[in-house]
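Listed below, chain by chain, are the residues.
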Amino acid sequence: MRLREDEVRIGDIRAVVIGPAGGGVFPGVLLYTDIFQLTESTLRSARRLASAGFVVCVPEIYPRGELAGVALEFDDAGKARGLAGAAAMSTAQFDADRVAVLDYLERRAEVSSLLVTGFCIGGHLAFRAALDPRVSATVCFYPTGLHNGALGADVADSLARAGEIRGRLMVVFGSRDPHVPAQARLATVGALYAAGLDDVELHVFAGGEHAFMRDVGARHDPVLTDLAFAEAVSFFRGR
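Source: prediction; values computed, not measured.

1. Observations regarding the overall build of the protein chain
Regarding its fold elements, the protein chain presents six helices and eight strands. For the protein chain, the N- to C-terminal ordering of α and β elements is β-β-β-α-β-α-α-β-α-β-β-α-β-α. On C-alpha atoms alone, the protein chain measures out to a radius of gyration of 16 Å, which is about the 18 Å that the 2.2 N^0.38 rule sets for 239 residues. Considered along the principal axes of its C-alpha atoms, the protein chain spans approximately 45 × 40 × 35 Å. Looking at the protein chain as a whole, 53% of its 239 residues qualify as buried. Pairs at least 24 residues apart make up 70% of the contacts formed inside the protein chain by residues separated by at least 6 positions. Total accessible area on the protein chain is roughly 10000 Å²; 52% of this is exposed by carbon and sulfur atoms. For the protein chain, the distance from the average position of its 24 positive side-chain charges to the average position of its 29 negative side-chain charges is 3 Å.

Following this line, the structure appears as structure tokens:
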């Protein structure tokens, strides 16, 4: 499928919108990046999703300050800057930016419905986006900080509000993820079930490390990535 790719501004937020070229109406997907922002690796993931028939909007998660417009390197310095960017953002700021992006997607004539996904910190942000009643389905890839509320400058109430989610939810973990180890996964699933979300779709990919879907570095697992994308696309399409 041929794609069209545009850089847009949503208020203060720089974002890239990727979707099928040639017209038509498609589901819209808000895709949250990891702490490294709009890297080519994440954009490749967005293009892959768009090629399955979605309009994908990828915003910067740090749209203001020194990291605005910056795609960080996958090294220790980039990681430190990304974590510092997260620490400078409050949950309320993340939430306000999410509302702005969903509003933008909802206004686009070619968007038929609202979906959300994200990786790492973006997986946690995607979970919070699922609290919006306009979102019909959400896929969280190895969400960090979901089990204990660690998100930015404060402690988020994400799991405590899980009962507010009205759309379908899918959560993907890797079994060897040190940021979301077995006890964290157990706490997350227990909280979801306690909130009444006992029909959430859960995947734990054996051997998957943190960021196993990022196609740069030794953690990348191409086979698991293909499986995870296939499950996500199928889930978004309603099976």
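2. Side note on the UniProt feature "domain: Dienelactone hydrolase" (unreviewed entry) in the protein chain
When the UniProt feature table is mapped onto this chain, "domain: Dienelactone hydrolase" (unreviewed entry) is found at residues 13-237. Between the C-alpha atoms that bound residues 13-237 the distance is 28 Å, and the span itself is 34% helix and 21% strand.

3. Things to note about the sheet that holds strand β2 (residues 13-20)
One key point about sheets: their strands pair by backbone hydrogen bonds, in either a parallel or an antiparallel sense. The strand order β1-β2-β4-β3-β5-β6-β7-β8 describes an open sheet built from eight strands, whose pairing is mixed. The two strands at the open ends of the sheet, each matched to only one other strand, are β1 (3-10) and β8 (201-205). On average, each strand axis in the sheet is tilted by 20 degrees relative to the strand beside it, whichever way the strands run. Where strand β6 (residues 135-141) and strand β7 (residues 168-174) come together, five bridges link them in parallel fashion. Directly across from F141, in β7, lies its bridge partner V172. On the sheet, helix α3 (residues 91-107) packs against β1, β2, β3 (26-32), β4 (55-59), β5 (111-119) and β6 and is oriented at approximately 160 degrees with respect to β3.

4. Observations regarding the pairing of β8
On a regular strand, each side chain points to the face opposite its neighbour's, so the side chains alternate between the two faces of the sheet. Both β7 and β8 contribute to a ladder of five bridges, which runs parallel. By the bridge assignment for β8, M170 is matched with E201. With helix α5 (residues 182-194) bridging β7 and its parallel neighbour β8, the resulting β-α-β unit is right-handed.

5. Observations regarding the packing of α3 against helix α4 (residues 121-129)
With their axes 10 Å apart at the nearest point, α3 and α4 run at an angle of 70 degrees to one another. When the axis of α3 is compared with that of α4, the two are roughly perpendicular. As for the relative orientation of α3 and α4, their crossing is right-handed in sense. Residue-level contacts link T91, F94, D95 and R98 of α3 to I121, L125, R128 and A129 of α4. A per-class count over the contact of α3 with α4 returns four nonpolar, one polar and three charged.

6. Concerning the packing of helix α1 (residues 40-50) against helix α6 (residues 222-236)
Orientation of α1 relative to α6, taken along the N-to-C sense of each, is 45 degrees, at an axis distance of 11 Å. With respect to α6, the axis of α1 lies oblique. Every pair of crossing elements has a handedness; the one defined by α1 and α6 is right-handed. Here α1 contributes S45, R48 and L49 to the contact with α6, which in turn contributes T225, D226, F229 and V233. In terms of residue class, the contact of α1 with α6 is built from three nonpolar, two polar and two charged.

7. Topic: the pattern of salt bridges
A full pass over the atoms with the stated rule returns 20 salt bridges. Here D215 makes a salt bridge to R44, at a shortest N to O gap of 2.7 Å. Taken together, the residues span a long stretch of sequence, with D215 in the loop between β8 and α6 and R44 in helix α1 at a distance of 171 residues. With a relative accessible area of 36%, R44 lands in the partly exposed category.

How each quantity is defined
Residues numbered from 1 in each chain as written. Predicted model: local features only at pLDDT ≥ 70, side-chain atom pairs only at ≥ 80, totals over all residues. Heavy atoms only, no water. Helix = DSSP H or I, 4+ residues; strand = E, 2+ residues; numbered from the N terminus. Rg over C-alpha atoms; globule rule 2.2 N^0.38 Å. Buried < 20%, exposed > 50% of the residue type's maximum accessible area, 1.4 Å probe, protein only. Contact = heavy atoms within 4.5 Å. Areas by Shrake-Rupley, 256 points an atom, 1.4 Å probe, with all protein chains shown as cover. Lys, Arg positive; Asp, Glu negative; His and termini not counted. Charge placed at Lys NZ, Arg CZ, Asp CG, Glu CD. UniProt positions renumbered as here; feature names shortened; annotations may be inferred. Pairing = 2+ DSSP bridges. Axes fitted to C-alpha atoms, helices over the stretch in contact; angles between N-to-C directions. Right-handed = clockwise from strand over helix to strand, strands pointing away. Parallel < 35°, antiparallel > 145°, perpendicular 65-115°, else oblique. Left-handed = near helix turned anticlockwise from the far one by under 90°. Nonpolar A, V, L, I, M, F, W, Y, C, P; charged D, E, K, R; others polar. Salt bridge = Lys/Arg side-chain N within 4 Å of Asp/Glu carboxyl O.

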